[in-house]
Amino acid sequence: MERGEQNKPLIESPSWSYTDSTPLEEGNSTQSKLKPFNWRAPAIILGFEFLESIAFSGVSLNLVVYLGKVLHGSTASNAANVDAWNGTTFLAPVLGAFLADTYLGKYKTIGISLVLYLVGMLTITASAILPSLRPATCTAAQCPPATSFQYFIFFLSLYLVAFGTGGVKSALMPFGADQYDDSNPHEALKKQSFFSLFFVAVNLGVLIAGTVVVWIQENVAWFIGFGIASSCLVVAALGFWVGTPSYRVQMPSGSPLKSVGRVLVAAFKKRGLEVGESGSGEGLCEGEEEEMSGEWLHKLAHTEGLSCLDKAAIVTKEPDSPTSSCTVTQVEEVKILVRMIPIWLTCVFYSASMCQTTTTFIQQGNLMNTQFLSLSIPAASLSSVEVVFMMIFVLIQDYWILPLARKFTHNPSGLTQLQRMGVGRLLVIFSMVTAGVLESIRLYYYNKKGVDISILYQVPQYLVLACSDVFCGIAQLEFFYGEAPESMRSLCSAFSFLAISLGYYVNSFLVSFVAWVSDWLPGDLNKGHLDYYFWLWAGISLVNFGVYVVVSRKYTHKKVVLN
């Protein structure tokens, strides 16, 4: 332990149980520390996320269909527009997180983003109602395309939604977690349940939008479907603003990148020094107690590794300057970010493997017998089955698996975040293997016997993938929030969305590359080898799991000094 902290208790953070500060309320930190926990705050946030998920999914799930059937766009342009919009949607949280941590704070970021979000949703609804904002309906003779003005209005509103939901996604989950004081064991235990319930709220909203809202859009009227989605967001916004007196609100602490740059510059300038070297300084600068209310709320203890960065905290006799007085806490915050990068990279490839549910799984299902009794089961609807499985498994995990694990591990969280993320990465391998085996069987029956097997045989691969998502998805939310420096929690939480965004690009690249170099993915998949593609993803997932095991075993958790 570093000099001067021998008598200060430390909390290492292997899971959600790291020690945090009582959140600061804007303008009055003393009152905030005395402010009691109000169960309405997380309840409102969970309800908000459920309604927001319906609103966003009510646009995103059927967007490609609307562009084709209503705006009469071409197949290629529709796909390109949807991909560009999805990419923007999952990149926007990074910008929102930076603003939340640096300038606005989480509460204001959500509030401002909601205004953009609402304007975008209401404009989309108006464009589906007003004849001047959409082309005429197709007739037998012609199918008039949308005008430039109609496209401009629709895409302007669509990208307002992208940036609005990006701002909300970046700050809402960290804001909800901020309502719990980790120095209170009772509240800290409830925080783990909050992450699970947040995950359920997201997926329940997707389920309702993917069944009820989408059906109304295609079978009743598009403007009614969009209107329902917009109404959900209006109710969510009103509930969020009404609940303001219940929230614990943290002040932004200034640009986290400034502190990171300061440490890197200081470490470079002192690269010739050694920690504890005689005559070069008096040890490491640990910061004064009064700094606790400034750039950070809790001091971080020195950890082994990345010693090149420790040099930034060496105390020298040089005149004070921004790069001569870095503290151990500032250095440790940079170490946290560096240590997160390998874990995050495995999240990108994990997300890419999960993308199969919206691409190859559906393509596989379209080639199977979709009849069940008197019903026809659309291949895309099995994603709703996956969502149901996920919500059920969340309950199984929280009320059976984790309590049982606590008895054996004696860990308050049952399994650590890294362990649960590892289980998720392991299970995705089995899902890809299951899909590959099923595709081999499907090709055999089709080519040898001329029979299409039932689409219900896809259920096992969706079930395994749902279990994987529950283990990994919730744990990743907890990990990036819990391990993040206190001044960068929104930004680090947005890493999950950035991983999803890059996962889409990785999957798109691999599909294009495989189609270019092989005949696995022809236009008619009955003449190809989609099973080989699933086996390829099983191999990639296996390598990704192996890399994850290595980097997670070497990962050093942050240590908080309790004052």
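Cut-offs used in this document
Residues numbered from 1 in each chain as written. Predicted model: local features only at pLDDT ≥ 70, side-chain atom pairs only at ≥ 80, totals over all residues. Heavy atoms only, no water. Disulfide = S-S within 2.5 Å. Buried < 20%, exposed > 50% of the residue type's maximum accessible area, 1.4 Å probe, protein only. Phe/Tyr/Trp six-rings, centres within 6.5 Å; stacked < 30°, edge-to-face > 60°. Helix = DSSP H or I, 4+ residues; strand = E, 2+ residues; numbered from the N terminus. Lys NZ or Arg CZ within 6 Å of the ring centre and 35° of its normal. Axes fitted to C-alpha atoms, helices over the stretch in contact; angles between N-to-C directions. Parallel < 35°, antiparallel > 145°, perpendicular 65-115°, else oblique. Left-handed = near helix turned anticlockwise from the far one by under 90°. Nonpolar A, V, L, I, M, F, W, Y, C, P; charged D, E, K, R; others polar. Expected span 1.5 Å × (residues − 1). Salt bridge = Lys/Arg side-chain N within 4 Å of Asp/Glu carboxyl O.

(A) Representation of the state of the cysteines within the structure. Tallied over the full model, the rule gives 0 disulfides. Here Cys347 is not cross-linked by a disulfide; its sulfur's nearest cysteine counterpart is in Cys472, at 6.1 Å. What makes Cys347 buried here is its relative accessible area of 1%. A relative accessible area of 0% places Cys472 in the buried class.

(B) Structural detail: the packing of aromatic side chains. Evaluation of the coordinates by the stated rule reveals 30 aromatic pairs. The interplanar angle of 25° and the centroid separation of 5.6 Å between the aromatic rings of Phe56 and Trp85 together place this pair among those described as stacked. Linking Phe56 in helix α2 (residues 40-60) with Trp85 in helix α4 (residues 75-104), this pair joins segments that are 29 residues apart in sequence. Through pairs of rings, three or more aromatic residues link up here, namely Tyr66, Tyr151, Phe154, Phe155, Trp222 and Phe226. The residue whose ring lies beneath Lys169 is Phe56, and the NZ or CZ to ring-centre distance is 4.0 Å. One cation-aromatic arrangement involves Arg425 over Tyr350; the distance from NZ or CZ to the ring centre is 5.5 Å.

(C) Geometry of the packing of helix α14 (residues 417-449) against helix α18 (residues 530-554). Closest axis-to-axis distance for the α14/α18 pair is 8 Å, and the angle between their directions is 165°. In terms of axis orientation, α14 runs roughly antiparallel to α18. Where α14 crosses over α18, the two elements pack in a sense that is left-handed. A class-by-class count of the residues in the contact of α14 with α18 yields 18 nonpolar, 6 polar and 3 charged.

(D) Quick look at helix α8 (residues 222-242). An ideal rise of 1.5 Å per residue puts 30 Å on 21 residues; α8 measures up with 30 Å between its terminal C-alpha atoms. For α8, every residue scored as buried is listed here: Trp222, Gly225, Phe226, Gly227, Ala229, Ser230, Cys232, Leu233, Ala236, Ala237 and Phe240.

(E) Quick peek at the environment of Lys270. With respect to the helices, strands and loops of the structure, Lys270 is situated in the loop between α9 (256-269) and α10 (307-310). Each C-alpha atom, one on Lys270 and one on Ala313, is 9.2 Å from the other, the two residues being 43 residues apart in sequence.

(F) Local environment of helix α17 (residues 495-517). Spanning 23 residues, α17 covers 32 Å between terminal C-alpha atoms, matching the ideal 33 Å at 1.5 Å per step. Among all positions in α17, only Ser496, Phe497, Leu498, Ala499, Ser501, Gly503, Asn507, Leu510 and Val514 are buried.

(G) Broad picture of the pattern of salt bridges. The full count for this structure, using the stated rule, is 6 salt bridges. A salt bridge links Asp178 to Lys106; the shortest N-O distance between them is 3.0 Å. Residue Asp178 is located in the loop between α6 (148-177) and α7 (185-219), and its partner Lys106 is located in helix α5 (residues 106-129); the two are separated by 72 residues in the primary sequence. Neither residue differs from the other here; Asp178 and Lys106 are each classed as buried. The partner of Glu439 in a salt bridge is Arg442, and the shortest N-O contact between them spans 2.9 Å. Here Glu439 and its partner Arg442 are both found in helix α14, 3 residues apart, which amounts to about one turn of the helix. Here Glu439 falls in the buried class, since its relative accessible area comes to 0%. Within the structure, one salt-bridge network assembled from shared partners comprises Asp310, Glu332 and Lys335.

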